[in-house]
Amino acid sequence: MPSLDAAAAERLGWRLGVQAYTFRMLSFYETVDLCAGKGIRTIEMYPGQHLSPDRPTVKTGASLPADLREEVKAKLAEAGVALACFGVTATSPETLAFAKDMGIEVLTTETKPTDDLDRMCQEVGVKMALHNHPNSWPPDEVLAACEGRSPMIGACADTGHWMRRGLHPIEQLKKLQGRIVSLHFKDLNEFGKGHDVPWGTGAGDARAMLAELARRKFRGVFSIEYESGSLEELKVNVPKCAAFFHATAAELAGPA
């Protein structure tokens, strides 16, 4: 698949990536290569994926030693893929230091923010994004936790988990105006116990979600994340999501 034209998305301040958990049946290096081959140039690492096919016991995350961190940086540079986000993981001095060392912009977490964590995020230049699973961090709780804190603290908005909770994504995006740091962008076939489908084909109204984010002038990373699906299905569906994203971005951004 040829590289996707990201010009319109770039005008909107958007970057498209893949949450590596989508391809958890592969190694991190295989996932990087797959993303590059599909024209997707951003990735979100998750802790615990095996690093490479020949080293199944070496896992991604803050415990990687210095030499392997340098190897990962070289692998990403060779593939032309940027490591923008890391999570879901605890926010701690260790994970923040790892993020800073790896050039990661966003730490995706469920850790409750504190004044000390806010200060550390500002010091290292890494944002802390509160991620919602179906039973954690609904938007009202995110807003309460962010009150009085710096813009380094915000939400990693998982639109699919909102749907699994019975929350309409567009309403939640409006509610979180100004506090969305990044997204695990999803579209499900139905609310409740729905499953992931290619963007624009489900019940979430993915186009309207993107239009709302453009209207609110969101700037940041959209991570494609699937919770289920075979490798062959994912190899087909992830590019469908990317094509929808870039086609919609072109409509929303207008002429260059």
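In this text, all values refer to a predicted model and were calculated from it rather than measured experimentally.

## Overview of the pattern of salt bridges
Moving on, step 1. Following the criterion strictly, the structure yields 19 salt bridges and no others.
Moving on, step 2. Measuring nitrogen to oxygen at the nearest pair gives 3.2 Å for the salt bridge that ties Arg-69 to Asp-101. You can see Arg-69 sitting in helix α3 (residues 66-79) and its partner Asp-101 sitting in helix α4 (residues 93-102), a full 32 residues away along the chain.
Moving on, step 3. Residues Glu-212 and Arg-215 are paired through a salt bridge, measuring 3.2 Å at the closest nitrogen-oxygen approach. Linking Glu-212 with Arg-215, this pair stays in helix α9 (residues 206-215), spanning three residues, or about one helical turn.
Moving on, step 4. Its relative accessible area of 7% is what places Glu-212 among the buried residues.
Moving on, step 5. Relative accessible area serves as the criterion here: at 54%, Arg-215 is assigned to the exposed category.

## Topic: the packing of α4 against helix α5 (residues 115-124)
Moving on, step 1. Interhelical geometry of α4 versus α5 gives an angle of 15° and a closest axis separation of 10 Å. If you check the angle between α4 and α5, you find them roughly parallel. Here α4 runs over α5; the crossing is right-handed. Here α4 contributes Pro-93, Leu-96 and Lys-100 to the contact with α5, which in turn contributes Met-120, Cys-121 and Val-124.
Moving on, step 2. Of the residues that constitute the contact of α4 with α5, the class distribution is five nonpolar, no polar and one charged.

## Overview of the packing of aromatic side chains
Each aromatic ring pair is specified by the distance between its two centres and by the angle formed by the two planes.
Moving on, step 1. Per the stated rule, a full pass over the model turns up ten aromatic pairs.
Moving on, step 2. Among the aromatic side chains, those forming a connected cluster through ring pairs are Trp-14, Phe-185, Trp-199, Phe-218, Phe-222 and Phe-245.
Moving on, step 3. One residue, Arg-24, lies across the ring of Tyr-21, its end atom 4.0 Å from the ring centre.

So, how was this worked out
Residues numbered from 1 in each chain as written. Predicted model: local features only at pLDDT ≥ 70, side-chain atom pairs only at ≥ 80, totals over all residues. Heavy atoms only, no water. Salt bridge = Lys/Arg side-chain N within 4 Å of Asp/Glu carboxyl O. Helix = DSSP H or I, 4+ residues; strand = E, 2+ residues; numbered from the N terminus. Buried < 20%, exposed > 50% of the residue type's maximum accessible area, 1.4 Å probe, protein only. Axes fitted to C-alpha atoms, helices over the stretch in contact; angles between N-to-C directions. Parallel < 35°, antiparallel > 145°, perpendicular 65-115°, else oblique. Left-handed = near helix turned anticlockwise from the far one by under 90°. Contact = heavy atoms within 4.5 Å. Nonpolar A, V, L, I, M, F, W, Y, C, P; charged D, E, K, R; others polar. Phe/Tyr/Trp six-rings, centres within 6.5 Å; stacked < 30°, edge-to-face > 60°. Lys NZ or Arg CZ within 6 Å of the ring centre and 35° of its normal.

Without other data, these values stay purely geometric and don't point to any function.
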